[in-house]
Each structure stands twice: as C-alpha cells, then as structure tokens.
Amino acid sequence: MLQLFRNNSPFTVIVLFIFALVIKFQVLLHPAVPVPVAGHFLYNYIIRALFFVFMRGAFAYTLLSIIIIVLQSLYIKAIVDRHKLFPRYNYVPAFTFILLTSVYPPFNCFSETLIVNWFLLGAMDIMFSFTQTTQPRKLIYNAGFLLSMAALFQFTMFAFFLLLLVGMVMFRSFNVGEWSVALMGYFTPQYFLACTLFLADRFHLLSEWNHIGYSLTSNVVSPMFLVIVLVGICLLLAGGIYAMQQNVAMSNIYVRRDWTAVSFYLIISVFVGILTDPGIKTPWLITMPALSIIISHALLLEKNKRFSNFIFYFSLVFLAICLLTNKYK
C-alpha cells in the first residue's frame, strides 16, 4: 500500500481523497458548527460570511474542512516536488499530512488554524524560491505579506516573523534594499488593517487581538490520549529525522538550506502552539505541515525498505489507537 503513495500517478489523488473520507468518517458522523472566538475578529467575520451559505449545516462545514485539508496536502506535495526536497516525485507528504491531521478529530473541523496554514504554506513556498528568481524583491515582499496575514488572524503568529528573517539570512546575501522590502511586505497588511478599522470606528478591536495564552493541554480531556499522541508523534518524528540525515546528506546545498528552513518552521510552530489562546481549539494544527514533510523521509528511505514499511504500518496503528482512545471537548 505504501508503494501506491510513493508513485506520482494522478489517480493517487482520488485514493487520497477516499483515504481521507474513510479515516475522518468519525468526524463526518459528529460534525460541528464553528463558533466565534473572542478577539479574533477577522475569523469571526469569515464565520458570519459562511453562515449565509451553510446556515447551521454542521456537515457542510466539516466536509468543507476535510476538502481544505486534502487541498493543503496536495499543496504540500507540490511544494516538495517544485523545490526537489525529495529525489523523486511522490504523494507521501500528502498522505502523511492527511494521516497526522486525523489523530485528533477537532483538527478536521473548520477553524482559524486551517486558514492560517494557507498563508504559512504560501510563504514557505515563496521563500524556497528566493535563490531561483530574477525578481527577488517581489518574492520577498510577497513572503512577508503572507506571514503578516497569518499574524492578523492570530496574534501569536507574529513569531513567524523569525522565519522570514531566517529565510533572508539563509537564501539571500545581505542587501539593505531587500531587507527593507521584507519589512514593507510584513507591515503593509497591518497598516491597511489599522486604517480600515480606524475609518470604520472599530479601532478598539485591536486591543482584543493582541493577547497570548497557554494551550498545551487545555482542549484534551483524556491524559491517556495525550500520552499516546505525544509518544507516537515523537517516535514518527525521530524516524523522520533519522532518515532525513541520510537523505539530505546526498542533496545539494540549496536543498539542505530548504530542510533547515523546514526545521525552523517546525520549531517556531511548536512555540506558537504552546502560547496560543486556549480559545483556539486546534493550535497544534500549524505544526502538521512541517511534521508531515519531515516524517515523510522515514517512508521514503530507499536504503532500508523494512524501516520505511515499519514506519508506515506503525503510523496506521498509531492512528487507529488515537481514534479509539481520544476524548475531547
């Protein structure tokens, strides 16, 4: 079955969608309507807009979320292929992302984090192109703009400004003009948002937006489930790092820099997940793109097929145990 996702056949997309529907069937049986989050006014406006389309149709919201997750998994696959992070084109990163987002059912409900992931993935895709373009300032501006948009939805996403700095240091030689463009791109959305709120006499909303919290275990009821998830994720990540050391050693310097950026992405997203307001039920969803890319190494280790097959079946068993033991509020 692993070989099915290792190839690059377009028919694999259909398999991925069916796989997503099967392992997320529990969520479809118990759909949920998204609720507003205090202080997150942009997300609340989106919910109000969707209400005119779906009304109180919980199934429609949940199905939309699953479709978004599948599309994000395909975008991750496209990023990996476009920047040649792996030697061969394959759908393993997409499979891994869909699997990891299924270990905790609320990940599959419509949430602010789903929206934020689009901005973060887009910024990462652009940053990987910094060294392969004749118009670097345009890309630098766009990357800063997208990372800033993520911060407008969730204040703790300002930490990803560090990722922009890492990208500028790793992918570009120092240039005052380019750094100025990066800052302009990052502060442009904030400037226009502040002006819009001021003109609409909603400037007070900014005072509700700039807050942090602590959400390491705030939305998990079962301690056993939490332990299982942490142990399972850590084991999969350890396998991915072990395989990555062997795969990346044979890559060129540009691919190595990309993998360093992915590692920083994961580290920053972990800190953001810890400091996110408990009102956000799925803060750890932002770690899933980087985790899925790194763990995919373990499933693509060509030198040791037994190891990659073991990781594949271990991930399926891990998912099954999570679905059977999870309890959440």
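The structure presented is a predicted model; accordingly, all values stated were derived computationally and were not measured. (Residues numbered from 1 in each chain as written. Predicted model: local features only at pLDDT ≥ 70, side-chain atom pairs only at ≥ 80, totals over all residues. Heavy atoms only, no water.)

**Quick notes on the overall build of the chain**
On a plain count of helices and strands, the chain comes out with 15 helices and 0 strands. Computed over C-alpha atoms, the radius of gyration of the chain comes to 20 Å, within 12% of the 20 Å expected from 2.2 N^0.38 for 329 residues, which places it in the range of a compact globule. Seen along its three principal axes, the alpha-carbon backbone of the chain occupies a region of about 60 × 50 × 35 Å. The 329 residues of the chain split such that 53% are buried. Of all intrachain contacts in the chain linking residues separated by at least 6 positions in sequence, the fraction that spans at least 24 positions is 81%. Averaging the coordinates of the 20 positive side-chain charges in the chain and doing the same for the 9 negative ones gives two points 10 Å apart. (Helix = DSSP H or I, 4+ residues; strand = E, 2+ residues; numbered from the N terminus. Rg over C-alpha atoms; globule rule 2.2 N^0.38 Å. Buried < 20%, exposed > 50% of the residue type's maximum accessible area, 1.4 Å probe, protein only. Contact = heavy atoms within 4.5 Å. Lys, Arg positive; Asp, Glu negative; His and termini not counted. Charge placed at Lys NZ, Arg CZ, Asp CG, Glu CD.)

**So, the environment of valine 35**
Its location among the elements puts valine 35 in the loop between α3 (25-29) and α4 (41-54). What makes valine 35 exposed here is its relative accessible area of 57%. Between the alpha carbons of valine 35 and serine 111 there is a distance of 8.7 Å; along the sequence they are 76 residues apart. In this structure valine 35 touches Tyr43 and Ile47, once residues within four positions along its chain are discounted.

**A word on helix α15 (residues 305-325)**
Between its first and last C-alpha, α15 extends 30 Å over 21 residues, near the 30 Å set by a 1.5 Å rise per residue. Residues Phe307, Ser308, Ile311, Phe312, Ser315, Phe318, Leu319 and Cys322 constitute the buried set of α15. Take α15 and look down its axis: the buried residues cluster within an arc of 140 degrees, on one side only. Facing away from the buried surface of α15 by more than 90 degrees, the exposed residues are Arg306, Phe310 and Leu324. (Expected span 1.5 Å × (residues − 1). Arc of directions from axis to C-beta.)

**Some remarks on the nonpolar core**
It is characteristic of soluble globular proteins that their nonpolar side chains tend to be buried jointly. Ranked by size, the top nonpolar core spans 106 residues in total, and within it Leu120, Phe130, Met157, Phe160 and Trp259 carry the most contacts. Excluding residues that lie within four positions of it along the chain, phenylalanine 130 makes contacts with Leu139, Ile140, Ala143, Gly167, Met168, Phe171 and Arg172. (Core = buried A, V, L, I, M, F, W, Y, C linked by side-chain atoms within 4.5 Å.)

**Details of helix α6 (residues 92-100)**
Among the 9 residues in α6, 9 count as buried, and that is most of the element. Every buried residue belonging to α6 is among Val92, Pro93, Ala94, Phe95, Thr96, Phe97, Ile98, Leu99 and Leu100, and all of these are buried. Along its buried surface, α6 packs onto α1 (2-6), α2 (12-23), α5 (58-82), α12 (223-248), α14 (288-299) and α15.

**Examining the confidence of the model for the chain**
Mean pLDDT for the chain: 88, with 96% of residues reaching 70 or above. Per-element confidence in the chain is highest for α6, whose mean pLDDT is 95, and lowest for helix α11 (residues 205-209), whose mean pLDDT is 74. (pLDDT = per-residue confidence, 0-100.)

**Description of the packing of aromatic side chains**
Any two aromatic rings considered together are summarised by their centre-to-centre distance and by the angle between their planes. According to the stated counting rule, one finds 27 aromatic pairs in the structure shown. Taken together, a centroid distance of 6.5 Å and an interplanar angle of 80 degrees make the contact between phenylalanine 130 and phenylalanine 171 edge-to-face. Taken together, the residues span a long stretch of sequence, with phenylalanine 130 in the loop between α7 (112-127) and α8 (136-153) and phenylalanine 171 in helix α9 (residues 161-171) at a distance of 41 residues. We classify phenylalanine 130 as buried; its relative accessible area is 0%. Classification of phenylalanine 171 by relative accessible area gives buried; the value is 6%. Between phenylalanine 198 and phenylalanine 203, the aromatic rings sit 6.4 Å apart at their centres with planes inclined by 85 degrees, giving edge-to-face as the arrangement. Judged by relative accessible area, which is 43%, phenylalanine 203 ranks as partly exposed. Through successive ring pairs, a cluster of aromatic residues spans Phe5, Phe19, Phe95, Phe312 and Tyr313. A cation over a ring is seen here: lysine 77 above tyrosine 91, with NZ or CZ 4.6 Å from the ring centre. (Phe/Tyr/Trp six-rings, centres within 6.5 Å; stacked < 30°, edge-to-face > 60°. Lys NZ or Arg CZ within 6 Å of the ring centre and 35° of its normal.)

**Quick notes on the pattern of salt bridges**
Tallying each qualifying case throughout the model produces 3 salt bridges. A salt bridge links arginine 82 to aspartate 125; the nearest nitrogen and oxygen atoms lie 2.7 Å apart. In this pair, arginine 82 sits in helix α5 while aspartate 125 sits in helix α7, placing the two residues 43 residues apart along the sequence. When its relative accessible area of 43% is taken as the criterion, arginine 82 is described as partly exposed. The exposure class of aspartate 125 is buried, given its relative accessible area of 11%. Put simply, glutamate 178 and arginine 172 hold a salt bridge, and the shortest N to O gap is 2.9 Å. Relative accessible area serves as the criterion here: at 6%, glutamate 178 is assigned to the buried category. (Salt bridge = Lys/Arg side-chain N within 4 Å of Asp/Glu carboxyl O.)

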